[in-house]
Every structure is written in C-alpha cells, then in structure tokens.
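The lines below spell out each chain.
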Amino acid sequence: MSEAASGSYVSGCLFCRIVSGEVPGEVLMRTEEVVAFRDINPQAPLHALVVPVRHIPDAASVAPGDADVLAGMLIAARQVAEDSGLASGGYRLVMNIGQDAGNTVDHLHLHVLAGRRLAWPPG
Ligand code: AMP
Ligand code: ZN
C-alpha cells in the first residue's frame, strides 16, 4: 500500500505494519479506510480486530474529522461478525484505552468478540 493510501504510516507501529502487509495478518476484510484481521491470541471463537488504515493512536485521540472512519469501523465489525456466522447470538465490541484497560498496541483497534457467552462486568 502506498504512503498516500495509508495516510500516516508509523514505521514502529505493529498495526500499521499489518495494514501495509509488512507483518502478516489473517485479514478478514479490507476497505479503503479500515482493515479487519484475526487477533493472534483469540479470546472467543471469533476474535477480530478492526483498525483504521490511517494511524490513530487510540479512541481518546479521535477527532470530529475521524467520524467516517469510526462509522466504517463499526460497519466492518458488523460484517466480520455476520460473515463468521456467529452474529445471531450477539457479539461484543471493545476499545481499550490506557494501562488500566489493558491497552497494549497504540494504533486504534476495535475488538470484535463472538461465539461464546461473554461475562459482564468484564474482568
Ligand atoms: P489491546 O490489548 O486492546 O491493545 O489489544 C491488542 C490486541 O492485539 C491483543 O488482543 C493481541 O492479542 C493482539 N495482537 C498483538 N499482536 C498481534 C498480531 N501480530 N496479529 C494480530 N493480533 C495481535
Ligand atoms: Zn499505526
């Protein structure tokens, strides 16, 4: 993917590298603005991550101009859940921000979890 297409590639960022194809990922779907791939350490039968192609550090960094990208992430999450055949039982969308929430990768990502009963409140 060209620098222009990726918008704001950050070379030290794992998810920028998965988006660009430098680091392999099991990509489930891709649009101009978002990419969905399987989490390497799945916590449910379906555990995908939906990320913006353009590097945004986290959900707390989102600005009004990112509205279309955020909508694209939600639409991609629904598609990934439906394509897995597990959406009818329900699914959970999660964005972790900061240490206490367990955020480990500083590129905005939406977890899509489905296929088992998920506890609430979360641990
Ligand atoms: P978070 O803890 O919310 O920052 O989520 C980061 C997620 O990225 C974790 O669920 C990891 O299992 C996942 N992850 C880390 N490295 C990779 C990778 N190379 N490919 C796919 N998922 C990854
Ligand atoms: Zn990035």
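Because the structure is predicted, anything quoted here is derived from the model rather than measured. (Residues numbered from 1 in each chain as written. Chains lettered and ligands numbered in written order. Predicted model: local features only at pLDDT ≥ 70, side-chain atom pairs only at ≥ 80, totals over all residues. Heavy atoms only, no water.)

1. Brief notes about the coordination of the zinc ion (ligand 2)
A four-donor tetrahedral metal ideally has 109.5 degree angles, and a six-donor octahedral metal ideally has angles of 90 or 180 degrees.
Okay, step 1: For the zinc ion (ligand 2), the full set of protein donor atoms is Cys 13 (SG), Cys 16 (SG), His 55 (ND1) and His 107 (ND1), and the range of their distances to it is 2.0 to 2.3 Å.
Okay, step 2: One can describe the donor arrangement at the zinc ion (ligand 2) as tetrahedral, given that its four donor atoms subtend angles of 104 to 118 degrees at the metal.
Okay, step 3: Sequence positions of the donors to the zinc ion (ligand 2) reduce to the motif C-x2-C-x38-H-x51-H. Separated by 52 residues along the polypeptide, His 55 in the loop between strand E3 (46–52) and helix H3 (67–84) and His 107 in the loop between helix H4 (98–101) and strand E5 (110–114) bring together distant segments of the chain. Each member of the pair, His 55 as well as His 107, is classed as buried. (Donors = N, O, S within 2.8 Å, 3.2 Å for Na, K, Ca; no water. Tetrahedral: all angles 85-135°; square planar, octahedral: opposite > 155°, others 65-115°. Helix = DSSP H or I, 4+ residues; strand = E, 2+ residues; numbered from the N terminus. Buried < 20%, exposed > 50% of the residue type's maximum accessible area, 1.4 Å probe, protein only.)

2. Some details on the site of ligand 1
Okay, step 1: Looking at ligand 1, there are 16 residues lining it, with Asp 39, Gly 102, Asn 103, Thr 104 and His 111 nearest.
Okay, step 2: The contact in question runs from a nitrogen atom of ligand 1 to an N or O atom on the backbone of Ile 40, over 3.1 Å.
Okay, step 3: At 2.8 Å, a side-chain N or O of His 111 approaches an oxygen atom of ligand 1.
Okay, step 4: Burial of ligand 1 by the surrounding chains reaches 83%, relative to a free accessible area of 510 Å².
Okay, step 5: For the shell around ligand 1, the secondary structure elements donating two or more residues are helix H2 (14–20) and strand E2 (34–38).
Okay, step 6: The element best represented in the shell around ligand 1 is H2, accounting for three residues.
Okay, step 7: Looking at the shell around ligand 1, its residues break down into seven nonpolar, seven polar and two charged. (Near = heavy atom within 4 Å. Polar contact = N/O pair within 3.5 Å; in protein donor to acceptor, adjacent residues only side chain to side chain. Areas by Shrake-Rupley, 256 points an atom, 1.4 Å probe, with all protein chains shown as cover. Nonpolar A, V, L, I, M, F, W, Y, C, P; charged D, E, K, R; others polar.)

3. A word on the sheet that holds E3
Okay, step 1: The five strands lie next to each other as E1-E2-E3-E5-E4, forming an open sheet whose pairing is antiparallel. Strand pairing shows two members of the sheet lacking a second neighbour, strand E1 (27–30) and strand E4 (91–94), which therefore form its edges. Between one strand and the next, the sheet's axes are offset by a mean angle of 20 degrees, whatever the strand orientation.
Okay, step 2: Contacts between H3 and the sheet are confined to E1, E2, E3, E4 and E5, with E3 contributing the most and set at about 155 degrees to the helix. (Pairing = 2+ DSSP bridges. Axes fitted to C-alpha atoms, helices over the stretch in contact; angles between N-to-C directions. Contact = heavy atoms within 4.5 Å.)

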